[in-house]
Each structure stands twice: as C-alpha cells, then as structure tokens.
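Observations on chain architecture
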Amino acid sequence: NNGEEMTTKKAMIVLMMLAMALFSFSQQGEEKKDVPRLDAKAAYQKCLECMKSGKLDDAIKFGEMAVKQDEKNSKYHFQLGLAYNYKIQHKDTQMMAKLALANNILNSWKKALELNPKNRNARQGLIQFYLNAPAMAGGSPEKAMALIKEIESINPLFAHVSYTGAYGKQQDFEKAKIHAMKAFSLHMALKDKSKSPFHSMFLNSLGYQLLKAGKTAEAIEVFKKNIDAFPNFFNPYDSLAETYMKSGKKKLAIKFYKKALSLNPNSTVFEKQAYKNQKKYLEALQKGK
C-alpha cells in the first residue's frame with residue numbers, strides 16, 4: 001500500500017545519505033602522504049595518468065586536488081566525475097560506496113556544465129547518467145531529454161546522436177532510427193569529421209538493439225550505414241557479418257568476415273580478441289558448420 005511504499009522510500013533515502021556520509025568520512029580518513037601536492041594543471045594530468053593505469057583511488061585524489069585549486073574549471077570537474085564513474089564501475093566497489101559515488105558523479109558533471117554549457121563531454125555524461133542511473137541515485141529520463149533539447153538548435157548533430165541513445169534506451173526504436181539517420185546525414189556532410197560526436201559505436205549499439213528486438217532487416221540497414229560512415233574500420237563489417245551469420249546468409253557472412261579480418265590491425269587487446277573471433281567464425285562458415 002501507499003504507506004508501505006513511502007516507508008520503503010524513506011528508508012532507502014536514509015540508507016543513501018548514510019552511504020554518502022560513510023564514503024566521505026572514509027575518503028577523508030585515508031592517508032594522503034603518498035600523494036604529492038601539485039598545482040591544478042599538474043594534478044589534472046596526474047588524474048588522467050592514473051585513470052589510464054587503472055589507479056582509480058589516486059585518480060580521484062588528484063582530480064579532487066585539481067578541482068580544489070581551480071574550482072571554476074569545467075574540464076577539471078568533468079574529469080573528476082569521470083574518475084568517480086570509473087570507480088563506480090569497478091568490480092570491487094561495494095554497493096554502499098556506489099550510492100555515494102553516484103552522487104559525486106552527478107554533482108561533478110552538473111558543476112562542469114554549469115561552468116561551461118558548451119562542455120559536450122559533461123552534457124553527454126549527464127545525459128547518460130540520467131538515462132542509466134536508478135531514480136534513487138538521481139536517474140531521470142525526463143532530465144536527460146531536457147538536456148538534449150537545450151542543445152538542439154546549437155549543435156543538431158550532437159542532439160540527434162543523443163536522442164538516438166535516449167530513445168534506444170527506452171526501446172522506442174522507430175524514433176531512435178529516425179534520429180540516427182539524421183545524425184548520419186549531418187555527419188557525412190561534414191568536411192572535417194575529426195571532432196564529430198558521431199562514432200562507430202553509436203550506430204553499432206543501435207544495430208544490436210534492433211537485432212535483439214527481432215528487427216533484423218533494420219539492423220542490417222543500420223550496420224550498412226555504419227560501414228558507409230567508417231569504411232576503414234573493421235568493427236562495422238564484423239557486426240554485419242555476425243548479423244548475416246545469425247540470419248543464415250552464409251555467403252554474405254563469409255564476405256564481411258573476410259573484410260573485417262583484412263582491416264583488423266590485430267594489435268590492441270580489443271583488436272586481438274575480435275580478430276580471434278572473426279577467424280573462428282569465418283573458418284566455421286567455410287567448413288559449413
């Protein structure tokens with residue numbers, strides 16, 4: 001009943017507040033003698049380095065140091081939020097700590113956007129937070145949509161990319177695809193695509209969402225658009241090959257797995273794993289298995 005629901009919500013709020021307090025206290029109580037005092041710029045660079053090497057606790061400490069010394073730098077607030085975000089996703093992070101970290105992420109990215117409304121990374125981070133976080137931790141699809149709408153007239157490409165992700169998350173694939181195609185057209189019209197928010201994983205994610213929903217023909221169409229946008233990247237070919245393989249279209253699957261293998265540099269961990277899978281599936285298809 002309503003009374004029980006209210007009691008449960010109040011209990012969860014109290015639990016979240018307690019988690020935040022405990023996390024904050026534990027952070028304050030940690031020894032910081034191994035962390036040198038640096039100016040804001042140097043601390044920011046150390047934060048980046050620690051994140052790359054997986055030293056997330058140090059990344060947070062240096063990020064907090066940068067923000068403390070330059071509170072009006074939007075980039076520093078975003079990076080600190082990103083460090084918190086990496087920490088919350090770590091397998092060893094406990095649930096109580098995750099609740100507090102969620103609040104830290106939200107506050108950092110809100111501050112970054114407040115200081116610089118044009119900070120695309122902060123806006124995208126906030127949009128994703130609102131879309132993916134539970135309501136108890138601050139998630140709100142309505143707030144995500146409001147953030148996208150704010151930027152629609154200023155940066156339509158970014159807005160269409162964001163709308164695609166938002167509608168895809170809500171499983172409104174018709175609207176997601178409409179915005180995806182608009183984003184694709186705007187991206188392809190750019191002379192300089194180096195700073196475009198449109199990247200291969202954008203259409204790749206939508207394609208797999210469509211595939212999971214049983215919309216195979218639409219997924220194939222999206223994967224083909226991804227190849228048009230990124231003709232020299234192996235992953236779009238891999239995704240299309242997988243779709244054809246699952247659809248029983250053996251010849252087309254073989255064709256696109258061969259193309260994916262020919263473009264795969266096979267150097268990074270991601271590339272090596274993809275190369276191994278591509279080769280395995282291609283050999284199985286060629287043997288008729």
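The structure contained in this document is the topic of the report that follows. Computed from a prediction, not measured in an experiment: that's the story for all the values here.

Right, let's get into the packing of helix α6 (residues 120-132) against helix α7 (residues 141-151). Between α6 and α7, the least distance of the axes is 7 Å, while the angle of their chain directions is 155°. By the criterion of interaxial angle, the relationship of α6 to α7 is roughly antiparallel. Judged by the twist between their axes, the crossing of α6 over α7 is left-handed. Side by side, α6 and α7 meet where Arg123, Leu126, Ile127, Tyr130 and Leu131 of the first sit next to Pro141, Lys143, Ala144, Leu147, Ile148, Glu150 and Ile151 of the second. Split into classes, the residues belonging to the contact of α6 with α7 amount to nine nonpolar, no polar and three charged.

Residues of α7 that are buried: Ala144, Met145, Leu147, Ile148 and Ile151. Viewed along the axis of α7, the buried residues span an arc of 160°, placing them on a single side of the element. Pointing more than 90 degrees away from the buried face of α7 are the exposed residues Glu142 and Lys149. Where the residues of α7 are buried, they touch α5 (95-115), α6 and α8 (156-169).

In this section: the pattern of salt bridges. If charged atoms from side chains of opposite charge come close, those side chains can pair. In total, this model carries nine salt bridges according to the counting rule given. Where lysine 46 meets glutamate 49, a salt bridge forms, and the shortest distance between an N and an O atom there is 3.8 Å. Here lysine 46 pairs with glutamate 49, and both are found in helix α2 (residues 40-52), just three residues apart, close to one helical turn. Put simply, glutamate 242 and lysine 246 hold a salt bridge, and the shortest N to O gap is 2.9 Å. Taken together, the residues glutamate 242 and lysine 246, both in helix α12 (residues 234-246) and four residues apart, mark about one turn of the helix. Where salt bridges share partners, they join Lys177, Glu218 and Glu221 into one cluster.

Cut-offs used in this document
- Residues numbered from 1 in each chain as written.
- Predicted model: local features only at pLDDT ≥ 70, side-chain atom pairs only at ≥ 80, totals over all residues.
- Heavy atoms only, no water.
- Axes fitted to C-alpha atoms, helices over the stretch in contact; angles between N-to-C directions.
- Helix = DSSP H or I, 4+ residues; strand = E, 2+ residues; numbered from the N terminus.
- Parallel < 35°, antiparallel > 145°, perpendicular 65-115°, else oblique.
- Left-handed = near helix turned anticlockwise from the far one by under 90°.
- Contact = heavy atoms within 4.5 Å.
- Nonpolar A, V, L, I, M, F, W, Y, C, P; charged D, E, K, R; others polar.
- Buried < 20%, exposed > 50% of the residue type's maximum accessible area, 1.4 Å probe, protein only.
- Arc of directions from axis to C-beta.
- Salt bridge = Lys/Arg side-chain N within 4 Å of Asp/Glu carboxyl O.

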